Amino acid sequence: MLIYLQSNHSHLTPFLFKMVFFPSISKTISSSVRKNVQTHYRKLRYMSNVPENSVYGGPKPQNPNQRVTLTSLRQKHKKGEPITMVTGYDYPSGVHIDMAGIDICLVGDSASMVVHGHDTTLPITLDEMLVHCRAVARGAKRPLLVGDLPFGTYESSTKQAVDTAVRVLKEGGMDAIKLEGGAPSRITAAKAIVEAGIAVMGHVGLTPQAISVLGGFRPQGRNVDSAVKVVETAMALQEVGCFSVVLECVPAPVAAAATSALQIPTIGIGAGPFCSGQVLVYHDLLGMLQHPHHAKVTPKFCKQFGQVGDVINNALLQYKEEVTNGSFPSSAHSPYKIGAADMDGFFSELQNLGFSDAASAAAAAAEKIQTANSPA
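What counts and what doesn't
- Residues numbered from 1 in each chain as written.
- Predicted model: local features only at pLDDT ≥ 70, side-chain atom pairs only at ≥ 80, totals over all residues.
- Heavy atoms only, no water.
- Pairing = 2+ DSSP bridges.
- Helix = DSSP H or I, 4+ residues; strand = E, 2+ residues; numbered from the N terminus.
- Axes fitted to C-alpha atoms, helices over the stretch in contact; angles between N-to-C directions.
- Contact = heavy atoms within 4.5 Å.
- Buried < 20%, exposed > 50% of the residue type's maximum accessible area, 1.4 Å probe, protein only.
- Core = buried A, V, L, I, M, F, W, Y, C linked by side-chain atoms within 4.5 Å.
- Salt bridge = Lys/Arg side-chain N within 4 Å of Asp/Glu carboxyl O.
- Parallel < 35°, antiparallel > 145°, perpendicular 65-115°, else oblique.
- Left-handed = near helix turned anticlockwise from the far one by under 90°.

Some thoughts on the sheet that holds strand E8 (residues 277-281)
Point 1. The strand order E1-E2-E3-E4-E5-E6-E7-E8 describes a closed barrel built from 8 strands, whose pairing is parallel. Along the sheet, successive strands turn relative to each other by an average axial angle of 25 degrees, direction set aside.
Point 2. Pairing analysis gives 4 bridges linking strand E2 (residues 104-107) to strand E3 (residues 144-148), with the strands arranged parallel. Paired with Ile104 across the bridge in E3 is Leu144.
Point 3. On the sheet, helix H5 (residues 126-139) packs against E2 and E3 and is oriented at approximately 155 degrees with respect to E2.

The following block contains the structure:
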């Protein structure tokens, strides 16, 4: 029997057997190896920005359990299937978004308002955004991950824009970036980032980073000039290579016109039902926060699909009540035990150390726990 063994990486590459004299055994082993290899590859996490059909192999064809890619989004858009996107900021939200099968998870600079309590998106820094990006990336394994470029990190020059985008991918673990594209310089920045090999999602309509110019959080596209500008800006972002455009706070007919004019998907937020997909903030759609600040910044277009904030408030009030009246923690939530012999030794050591009161307290606690655990 002649066996030929080849393995570049013993923990990843399958053994390849060439068996000359026992073809039946060879067939059995080969089938088993292929089955194990297929099981292994199904468990691999493929980054969505890895080429799918590259000369060096690349990921296998996509299936519903693997990462969403630009290719799969294009296919979905081509079929006319709505795209789902949710904005999240941390590991728990990333896990929930992943489990729900959401297509895109945006780590938005709106974390400045929702998480950090600011009145605008302007104060959040790149370093703060990177913390949010990394946390979400640990939790969201399947969605396409898109990170916002915060205000002040891409407007000065194309070099600054590319450098920032590179950090969002390399340090933040994102697959793509999003930037607001209301001005020519930002279109230029988007073009430079795309040419650097980074996928870009554009953003038009209400662009929160431009509230100084817009005069606040005001809907756009409500007169002829503004409506035309929404469509033209979206087209310009497409021309420089953006894979998608967010349309925020514009009238539904304007969003419909932009969606029809573009060949890339539009993601609406407060832009009506005629976009290629929709996005809402995790906290907003869950009805998570019941706080004066959040009431002030929650947009009118948001639908609450749950009242998680009420559940949280009730749970906190119940916790406070049970701690106050001494019913928590009960013996059921005091799971760690010490044996009788060790307890006696502990009492003796406390006495020897001169901690008589501590020894008495420990003895009383042990007796109380034993009484509580005794059958009635």
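There is more to say, and it comes next.
Here's the deal with the environment of Gly88
Point 1. Tracing the backbone through its elements, the reader meets Gly88 in the loop between strand E1 (83-87) and helix H3 (91-99).
Point 2. Separated by 52 residues in the primary sequence, Gly88 and Ala140 have C-alpha atoms spaced 9.9 Å apart.

Considering unusual backbone geometry
Point 1. With an omega dihedral of 0 degrees, the bond running from Phe328 to Pro329 counts as a cis peptide bond.
Point 2. Relative to the helices and strands, Pro329 is located in the loop between helix H13 (308-325) and helix H14 (340-352).
Point 3. Its identity as a non-glycine residue notwithstanding, Cys249 has a phi of 50 degrees, on the positive side.
Point 4. Mapped onto the secondary structure, Cys249 falls in the loop between strand E6 (244-248) and helix H10 (252-261).
Point 5. For Cys249, a relative accessible area of 13% corresponds to the buried category.

Thoughts on the nonpolar core
Proteins that are soluble and globular tend to have nonpolar side chains buried together.
Point 1. Counting 58 residues, the largest nonpolar core has Met174, Ile177, Leu179, Ile193 and Leu247 as the members making the most contacts within it.
Point 2. Of all the elements, H5 adds the most residues to this core, at 6 residues.
Point 3. Counting 17 residues, the second largest nonpolar core, distinct from the first, contains Leu73, Ile104, Leu144 and Ala199.

Some details on the pattern of salt bridges
Point 1. Per the stated rule, a full pass over the model turns up 9 salt bridges.
Point 2. Here Asp127 and Arg167 are joined by a salt bridge, their closest N and O atoms 3.1 Å apart. Of this pair, Asp127 sits in helix H5 while Arg167 sits in helix H6 (residues 158-170), and the two are 40 residues apart along the sequence.
Point 3. Judged by relative accessible area, Arg167 falls into the partly exposed class, the value being 29%.

Description of the packing of H14 against helix H15 (residues 356-373)
Point 1. In contact at an axis separation of 7 Å, H14 and H15 are set at 160 degrees when each is read in the N-to-C sense. If you check the angle between H14 and H15, you find them roughly antiparallel. You can see that H14 and H15 cross each other, and the crossing is left-handed. Between H14, through Met343, Phe346, Phe347, Leu350 and Gln351, and H15, the contact on the second element is made entirely by Ser356, Ala358, Ala359, Ala362, Ala363 and Ala366.

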